[in-house]
Amino acid sequence: MEYPVIDAAFIKQLRKKIADQDHEFIVEFVGTAYAQDIAELTDKLNPEEVKYVLQYIQSDKMVKVLVEMEETVREKVLANYTPLEIAGQFIQNMDSDDATYVLSNLPNRDKELIIAQLTDIEFASSLLSLLSYDEHTAGGLMAVELVKANENWTVQQAIDEIRRQAEDVETIYVVYVVDDYLRLKGLITLKNLILANPDSKLAEVKNEEVISVSTSADSEEIANLFKKYDLVVLPVINALGQLVGRITVDDVVEVIKEEAKEDYQLMSGITEDVDATDKVWLLSRARLPWLIIGLLGGVASSRFIEL
């Protein structure tokens, strides 16, 4: 199967294949489609159709599909699994920021049950810490997976450490340089690390001009930093200046989209967070304050003209 174009015609075809229980077609589709496209499709199928499709997705791709799903669809999907299955099949295989994102929208009782089933105690502890932050702050957006090295290490020691730490980090952008107290002192790019003298200390070759944010920084401030300085990744520090996590550009894309959506709604006279697919009375209620103001203004204007 060639990569499918996700349009109305394909959705109709997919629904027929599901009704016919054509598992070969479904297996081929989920094997070639991107996780984002599968997630988008789940919002256009009914729960039974979604359940049928998802059973043929391999666990590594299923993790990505879950992250990309609409919140309401994801809740229905996860309701088909036990806390042990959610922990072992999905959460354990996610980066900490994605795992926090998925868990943050679940009831507190469900979060606790799922985290309690994690076998990696260090990872579970990180999730509990991340969930304690407001989701609209740096602490709520960051991931704890990163590569750091002590400033007293040699370049060769740092390279050896990268090889060890890289197993837990999907993408390495830079190496963060910290002191003995884990306080952020600078960074070094992989290119500069490779070109540096293997016997040089990181303190001698690090770049001290590093932009960082505190865990309490709000999402709007973070988005502005990414746009202003054209950043790909941003380190996060706590009140003691210790490196505790990092935010990547894909983490703030949704923040930027939400800000643009809010600005558009305000300009349109909408005072609530609504979607075009919401019911008419919800859309009307969101516009009601400005409609009332407009009505009063019209009445006042007519009275003035009459006088």
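Residues numbered from 1 in each chain as written. Predicted model: local features only at pLDDT ≥ 70, side-chain atom pairs only at ≥ 80, totals over all residues. Heavy atoms only, no water.

**Here we look at the overall build of the chain**
Phase 1: On a plain count of helices and strands, the chain comes out with 17 helices and six strands.
Phase 2: The buried share of the chain, reckoned over its 307 residues, is 39%.
Phase 3: When contacts within the chain are restricted to residue pairs at least 6 apart in sequence, those whose partners lie at least 24 apart make up 57%.
Phase 4: Just so you have it, the chain exposes about 18400 Å², and 53% of that area is on carbon and sulfur atoms. (Helix = DSSP H or I, 4+ residues; strand = E, 2+ residues; numbered from the N terminus. Buried < 20%, exposed > 50% of the residue type's maximum accessible area, 1.4 Å probe, protein only. Contact = heavy atoms within 4.5 Å. Areas by Shrake-Rupley, 256 points an atom, 1.4 Å probe, with all protein chains shown as cover.)

**Looking at the sheet that holds strand β2 (residues 174–178)**
Phase 1: A sheet is described by the order of its strands in space; here three strands give the open sequence β1-β2-β3, paired in mixed fashion. The outermost strands of the open sheet, each flanked by one partner alone, are β1 (148–150) and β3 (184–189). In this sheet, adjacent strand axes meet at a mean angle of 35 degrees when their direction is disregarded.
Phase 2: As paired strands, β2 and β3 are joined by five bridges and run antiparallel to one another. Note that in β3 the partner of V177 across the bridge is G186. (Pairing = 2+ DSSP bridges. Axes fitted to C-alpha atoms, helices over the stretch in contact; angles between N-to-C directions.)

**Description of helix α12 (residues 155–165)**
Since the α-helix turns once every 3.6 residues, residues separated by three or four places project in the same direction.
Phase 1: Considered for burial, the residues of α12 that qualify are V155, A158, E161, I162 and Q165. Looking straight down α12, one finds that the buried residues subtend no more than 115 degrees of arc, so they occupy a single side. Those residues of α12 that are exposed and angled more than 90 degrees off the buried face are R163 and R164.
Phase 2: For α12, the secondary structure elements touched by its buried residues are β1, β2, α13 (190–195) and α14 (202–205). (Arc of directions from axis to C-beta.)

**A few points about the pairing of β2**
Across a regular strand the side chains alternate sides, sitting on one face of the sheet and then on the other.
Phase 1: The element β2 is largely enclosed, with a buried count of five among its five residues.
Phase 2: What you see with β2 is no split at all: V174, Y176 and V178 on one side and V175 and V177 on the other are buried throughout.
Phase 3: The pairing of β1 with β2 spans three bridges and is parallel. Note on β2: the bridge partner recorded for K148 is Y176.
Phase 4: Crossover handedness for the path β1 to α12 to β2: right-handed.
Phase 5: Taking the residues between adjacent antiparallel strands as the criterion, β2 and β3 are bridged by five residues, where L182 takes a positive phi near 65 degrees. (Right-handed = clockwise from strand over helix to strand, strands pointing away.)

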